[in-house]
Amino acid sequence: MPAALQGAQVVVDAANAPIFDDPQVGDFFQRATTQLLAACERAGVAHLVGLSIVGTPYLQDSPYFRAKAVQEGLIRQSGLRSTLVRATQCHEFMAQLVAPLAQRQPLHLSPAKVQPVAADDLAALVAQVAMTAPTRRMVQIAGPECHRLFELVERVMYFNQDDRPVVEDPDARYYGARLKDTTLTPEPGALLGSTRFADWLDSHTRGPLPLVHLPLP
């Protein structure tokens, strides 16, 4: 890692764990973030951008979000000049909430609000943050429109010709945590992408949906 950071002025930490269960997910973020922070300090990195997720403080029943909170805390407590970014889910993520076709039972999903952002928009906005001066305030990134989680997943299934029923279930768990209506939506003042979900989905109906490395909820 020291060689990779040689001469780097800005580092964006968008790493994700290969396993999302306790204790592995917590161990990953603890170890990886600690090592990255030390390497950035040795290399004299001028700006570290840590990518996290909108709703993290309110989803602490989830092993994954507890681990993300640890990551955030390590970055805040470091002496590095840094900016924490919390982003909403990507459009691409909605396909990852669909259970495998071998499981024919209905999908139970929360009706909580979501304001997803296209991955390309997220990348552009993170780059914009990375090129500005470090700030200790939290920056949030989201998409241009608010939807209901179960409805977006149902639309992805429709375009994939998946006819399994989707059940609107307020008690459905999201990575082990129960969602409140606005848990996954940004606060006022968030940076917003421009790609609407319908336009993104239409652009992907001619081929397979892109995969995002995330576990089933």
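Above this text you will find the structure in question.
The rules we used
Residues numbered from 1 in each chain as written. Predicted model: local features only at pLDDT ≥ 70, side-chain atom pairs only at ≥ 80, totals over all residues. Heavy atoms only, no water. Helix = DSSP H or I, 4+ residues; strand = E, 2+ residues; numbered from the N terminus. Rg over C-alpha atoms; globule rule 2.2 N^0.38 Å. Buried < 20%, exposed > 50% of the residue type's maximum accessible area, 1.4 Å probe, protein only. Contact = heavy atoms within 4.5 Å. Areas by Shrake-Rupley, 256 points an atom, 1.4 Å probe, with all protein chains shown as cover. Lys, Arg positive; Asp, Glu negative; His and termini not counted. Charge placed at Lys NZ, Arg CZ, Asp CG, Glu CD. Phe/Tyr/Trp six-rings, centres within 6.5 Å; stacked < 30°, edge-to-face > 60°. 1 Å grid on protein atoms, 1.4 Å probe; cavity = no way out; pocket = protein on both sides within 12 Å on 5 of 7 lines; lining within 4 Å. Points joined across faces, edges and corners; volume = space filled by probe spheres on them. Pairing = 2+ DSSP bridges.

A. Quick peek at the overall build of the protein chain. Counting its regular elements, the protein chain contains 6 helices and 11 strands. Over its C-alpha trace the protein chain gives a radius of gyration of 18 Å, about what one expects of a compact globule, namely 17 Å for 217 residues. Taking the principal axes of the C-alpha coordinates as reference, the protein chain spans close to 55 × 35 × 30 Å. Expressed as a percentage of its 217 residues, the buried residues of the protein chain come to 48%. For the protein chain, the share of sequence-separated contacts (at least 6 apart) that also reach a separation of at least 24 residues comes to 85%. Accessible surface, the protein chain as shown: approximately 11000 Å² in total, 53% of it carbon and sulfur. Seen as two clouds, the 19 positive and the 22 negative side-chain charges of the protein chain have centres 6 Å apart.

B. Expanded view of the packing of aromatic side chains. Per the stated rule, a full pass over the model turns up 12 aromatic pairs. Here the aromatic rings of Tyr158 and Phe159 are separated by 5.6 Å at their centres, their planes lie at 80 degrees, and the arrangement is edge-to-face. One aromatic cluster is present, built from ring pairs that chain together Phe20, Phe28, Phe29, Tyr64, Phe65, Phe93, Tyr174 and Tyr175.

C. Structural detail: the layout of surface pockets. Each pocket or cavity is described by its volume, and for the second largest pocket that value is around 440 Å³. Surrounding the second largest pocket, 25 residues form its lining, Val54, Gln140, Thr185, Pro186 and Glu187 being those nearest its centre. Looking at the lining of the second largest pocket, the element that brings in the most residues is strand E6 (residues 138–142), giving 3 residues.

D. Broad picture of the pairing of E6. Extensive coverage of E6 is indicated by the burial of 4 of its 5 residues. With 4 bridges joining them, strand E3 (residues 82–87) and E6 adopt parallel strand pairing. Bridged to Ala87 within E6 is Ile141. By the bridge criterion, 2 bridges tie E6 to strand E11 (residues 191–192) in an arrangement that is parallel. Counterpart to Ile141 in the pairing with E11 is Leu191.

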